[in-house]
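# Descriptive structure summary
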Amino acid sequence: MKLVACLLATASLTFGLSVHAQDANLKKTLTERIPQLEKIDEVRSTPMSGLYEVRVGTDIFYTDAKGNYLIQGELIDTKARRNLTEDRMTQLTAVDFKQLPIKDAITIVHGKGERKMAVFEDPNCGYCKRFEKDLQSVDNVTIYLFLYPILSPDSAEKSRNIWCAKDQAKAWHEQMLNSKNAPAAQCDPAAIQRNLAFGRKYKITGTPTVIFSNNVRVPGAISAAEVEKHLAAAK
């Protein structure tokens, strides 16, 4: 039995080294042929024989065992009827609510604020304004608002003035509910730049994007009733 266990352990180690070597060879080949891929984070096999996933940050490519071909597209499991690329992207861009940089957010409290959610919004976003109006009827919630100016240069200016306002929450609500711009103000806007970098990393491409405390991420303007359902599920 000891001999069998030893042989199995050796085989497992050999296989692991072989896989590691394969990954290293693919990285070397691809970076030599396509310099833009110099920061390959991971190479791993896929359920499709002979096809490997190449991950650069949160961008996904596919290649053959020798790195002769590079594919950018979606891998579909027709038997399971699943988009494997989409599943992988969801995994890679998942946001851990507890790890959100809330120091870079405006904290807005409704009632006791026992329930929690975060939202990424642009002050020029019409859907965000509709969402904010609906959100006023949601009680007992703490909202971490991340200013996320992606629509225009004017969005960046409005976001800076809101962030630099003495009462950030009031300035935000005046902007979104009453279309009243915050007065020009100066302060360190680095938090907004960090929000943009965070959004790029986690593929936040539209506003509003809502993240609930159970890590569920919802893109787009949802109704107050839907917000309530998600808050109840998160609790």
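Computed from a prediction, not measured in an experiment: that's the story for all the values here.

## A look at the environment of Gln-22
- Note that Gln-22 resides in helix α1 (residues 2–33).
- Looking at Gln-22, the relative accessible area reads 22%, which means it is partly exposed.
- Residues Gln-22 and Leu-92, 70 residues apart in the sequence, show an inter-C-alpha distance of 23 Å.
- Within the structure, the side chain of Gln-22 is placed 3.0 Å from the backbone oxygen of Ala-65, a separation counted as a polar contact.

## Focus on helix α4 (residues 153–163)
- Looking at α4, one finds that the buried residues are Ser-155, Lys-158, Ser-159, Asn-161, Ile-162 and Trp-163.
- Residues of α4 that are buried sit in contact with β7 (106–110), β9 (141–147), α5 (168–178) and α6 (190–201).

## Comments concerning the sheet that holds strand β2 (residues 52–56)
- Read across the open sheet, the 4 strands follow the order β1-β2-β3-β4; overall the sheet is antiparallel. The strands lining the two open edges of the sheet, one partner per strand, are β1 (42–45) and β4 (70–71).
- When β2 meets strand β3 (residues 59–63), the two strands line up antiparallel, connected through 5 bridges. Residue pairing for β3: Glu-53 is matched across the bridge by Tyr-62.

## Concerning the pattern of salt bridges
- Scanning the entire structure with this criterion turns up 11 salt bridges.
- Note that Arg-115 and Glu-228 form a salt bridge whose closest N and O atoms lie 2.8 Å from each other. Placement of the pair is Arg-115 in strand β8 (residues 115–121) and Glu-228 in helix α7 (residues 224–234), with a sequence separation of 113 residues.
- Among the residues examined, Glu-228 registers a relative accessible area of 29% and is labelled partly exposed.
- One network of salt bridges, in which partners are shared, links Glu-42, Arg-44, Glu-53, Arg-55 and Arg-88.

## As for the state of the cysteines
- Tallying each qualifying case throughout the model produces 1 disulfide.
- At a sulfur-sulfur separation of 1.9 Å, the disulfide partner of Cys-164 is Cys-187. Disulfide Cys-164-Cys-187: the torsion about the S-S bond is -80°, which places it as left-handed. Taken together, the residues Cys-164 in the loop between α4 and α5 and Cys-187 in the loop between α5 and α6 connect sequence positions 23 residues apart.
- Cys-164 sits in the buried class, given a relative accessible area of 14%.
- With a relative accessible area of 33%, Cys-187 lands in the partly exposed category.

## Structural notes on the domain arrangement of the protein chain
- Along its sequence, the protein chain is carved into domain 1 (15–91) and domain 2 (95–231).
- Placing the centre of domain 1 and that of domain 2 at their C-alpha centroids yields a distance of 35 Å.

Conventions adopted
- Residues numbered from 1 in each chain as written.
- Predicted model: local features only at pLDDT ≥ 70, side-chain atom pairs only at ≥ 80, totals over all residues.
- Heavy atoms only, no water.
- Helix = DSSP H or I, 4+ residues; strand = E, 2+ residues; numbered from the N terminus.
- Buried < 20%, exposed > 50% of the residue type's maximum accessible area, 1.4 Å probe, protein only.
- Polar contact = N/O pair within 3.5 Å; in protein donor to acceptor, adjacent residues only side chain to side chain.
- Contact = heavy atoms within 4.5 Å.
- Pairing = 2+ DSSP bridges.
- Salt bridge = Lys/Arg side-chain N within 4 Å of Asp/Glu carboxyl O.
- Disulfide = S-S within 2.5 Å.
- Domains from an automatic or database assignment.

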